[in-house]
Structures are given as C-alpha cells and as structure tokens.
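These are the residues of each chain, in order.
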Amino acid sequence: MGAMLELKIIPVTPFQQNCSLLYDTETMKGVLIDPGGEVDRLRAKLQEFGVTLTEIWLTHGHLDHAGGADQLREETGVPVIGPHKDDQFWMDEIGDHWARYGHPGMGRAVVPDRYLDEGDQLKLGDITFDVSHTPGHTPGHVVIHNQDMKIAFVGDVLFEGSIGRTDFPKGNHAQLIDSIKTKLFPLGDEMRFVPGHGNMSTFGQERRHNPFVGEGATSGPNTSGPG
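Computed from a prediction, not measured in an experiment: that's the story for all the values here.

Visitor: Could you give me a rundown of the overall build of the protein, with the residues and numbers involved?
Guide: A count of helical and extended segments in the protein gives seven helices and 13 strands. Against the globule reference of 17 Å for 227 residues, the protein gives a C-alpha radius of gyration of 16 Å, in line with a compact fold. For the C-alpha atoms alone, the extent of the protein along its principal axes is close to 45 × 40 × 25 Å. When burial is assessed residue by residue, the protein has 52% of its 227 residues classed as buried. Of the contacts formed within the protein by residues at least 6 apart in sequence, a portion of 60% connects residues at least 24 apart. Approximately 9,200 Å² of the protein is accessible, and the part contributed by carbon and sulfur atoms is 47%. Taking the average location of the 19 positive side-chain charges in the protein and that of its 32 negative ones, the two points are 1 Å from each other.

Here you go:
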C-alpha cells in the first residue's frame, strides 16, 4: 500500500471483525488495530509475517473490537492506545458481553494505557496517523487515518453500503451522520477505508451511493447487523 507500510486484514471472532495488522516493511514493526479476540490466531499471524508488535490501537470499545487487547498487552508488554475515554463503560463489560453471546473467554475487559481525543496523532515508524473523534455508533469512537496514504480505519462508523448501528446504549443516529459527513467525507473521495466488518470501500463511493448517508439517502437508522 505504499510508503513502506503493509496492511493485512485478519477477520476475528464469530462476528468476523476486521482486525488490521499494519507494519513497516523495513523494520518489520507493526500495530494491531481492533484485535477483538482469537489472540492465538493473531499471535500466529504476527509470527507468520515476521512482525514485532509495538502498539495496539482501538477505534471503539465493543467486544469484537477490543476483546483481545488486554491479553495481547499482557503477553507482549505493548501499550493499548484508544479509543476516546467515553467508551470505557463498554470496555469494562467486554467479558460479560462475550459470555452473554455464548462465547465466555473470547475477550476480557481492558483499560487503555492512553485514550485518544480529536486531533491526536499516532506514529508507526516515520508515518503519522491523525485521529478524529467520531461519536454516534458509540460515544467514544475514533477514526484513525493518513491523508498521504489515503487510508482510514473507521471501525463501525461506516461500511460498504451501510453505517454503524445506533440502537446500542449511548448510540445516536444524528451524531453518527454528523460524524460521517463532517469528519470522514471531507477527507476526500479517494480515501480508502477499512470498516469493522465486510469489504473495504472509499469515501467517494459511499458519499455517492450509500443508502443511509449518500446523495439521495432514504434509509433511516441502522438497527441490525454486526456493527
């Protein structure tokens, strides 16, 4: 994907959440974005690609995005960074939520080493990523993006042909639409994004055709699906 960074998308958990392994091809140091669970599998992928993990980045606190973060931190000693502090109530309940879904032990609660706010930055090697606070799906959701590389990691804010659910506690449909229109679409039509579930797309594609938030959108809030 250029700029000496390589991206591998590793679907994890019964929700097939897109965990992203992003690494520098020269130093072979990298980050995992949203390691929701199946830590053994993620560890095997790090070994397969020869990557040394340096940080864990979280877009939001839901079980399928943050469930594996604490175990990975315990095993590797790397810090967990993000999301915004307003999602801590979700991260406190990860273990209980997995048990309710019938998968006890899939993930556990986590308190990040550092929360993220609007305008913060993250670094992988010499590459800087910007952080946007994008509430709506959850109150503390963030999106991590790099303008030069035209790549964004959007968690469950936006999908190919859909948007994040807002029927969970502290979800807000109007807030989500505002986040997409004022924080994501202005990054440009060519910006590619990795969603929390499903296929990659571009902001231009979704601005033109997404039935929830695109030109001529007619659909109301999303209340179904994994994200």
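Now that the structure has been shown, we can carry on.
Visitor: An account of helix α6 (residues 173–184) is requested, with residue identities and associated values reported.
Guide: With 12 residues, α6 extends 16 Å from end C-alpha to end C-alpha; this agrees with the ideal 16 Å at 1.5 Å per step. Residues of α6 that are buried include every one of L176, I177, S179, I180 and L184, and no others. All buried residues of α6 lie within an arc of 155 degrees about the axis, which places them on one face of the element. As for α6, its buried residues are in contact with β8 (142–146), β9 (151–155), β10 (158–159), β11 (162–163) and α7 (203–209).

Visitor: An account of helix α1 (residues 39–49) is requested, with residue identities and associated values reported.
Guide: One turn of an α-helix holds 3.6 residues; hence residues three or four places apart share an orientation. Taken together, the buried positions of α1 are V39, L42 and L46. Seen end-on, α1 carries its buried residues on one side only, within an arc spanning 60 degrees. Across from the buried face of α1, at angles greater than 90 degrees, the exposed residues are D40, Q47 and E48. Elements that come into contact with the buried residues of α1 comprise β1 (5–12), β2 (17–24), β3 (29–33), β4 (52–57) and α3 (69–76).

Visitor: For the side chain of D70, give the residues involved together with the corresponding values.
Guide: You can see D70 is positioned in helix α3. Of note is the side chain of D70, whose polar atom sits 2.7 Å from the side chain of R73. Once you skip the residues sitting within four places of it in the chain, D70 turns out to touch R108, A109 and V110.

Visitor: Explain the sheet that holds β4 residue by residue, including any values.
Guide: Taken in spatial order, the five strands of this open sheet run β1-β2-β3-β4-β5, and their pairing is mixed. Edge strands, defined here as strands with exactly one partner in the open sheet, are β1 and β5 (80–81). Across two bridges, β4 lies against β5 in parallel orientation. Looking at β5, one finds that W57 is bridged to I81. Along the sheet, α1 contacts β1, β2, β3 and β4; its crossing angle with β1, the most-contacted strand, is approximately 155 degrees.

Conventions we followed
Residues numbered from 1 in each chain as written. Predicted model: local features only at pLDDT ≥ 70, side-chain atom pairs only at ≥ 80, totals over all residues. Heavy atoms only, no water. Helix = DSSP H or I, 4+ residues; strand = E, 2+ residues; numbered from the N terminus. Rg over C-alpha atoms; globule rule 2.2 N^0.38 Å. Buried < 20%, exposed > 50% of the residue type's maximum accessible area, 1.4 Å probe, protein only. Contact = heavy atoms within 4.5 Å. Areas by Shrake-Rupley, 256 points an atom, 1.4 Å probe, with all protein chains shown as cover. Lys, Arg positive; Asp, Glu negative; His and termini not counted. Charge placed at Lys NZ, Arg CZ, Asp CG, Glu CD. Expected span 1.5 Å × (residues − 1). Arc of directions from axis to C-beta. Polar contact = N/O pair within 3.5 Å; in protein donor to acceptor, adjacent residues only side chain to side chain. Pairing = 2+ DSSP bridges. Axes fitted to C-alpha atoms, helices over the stretch in contact; angles between N-to-C directions.

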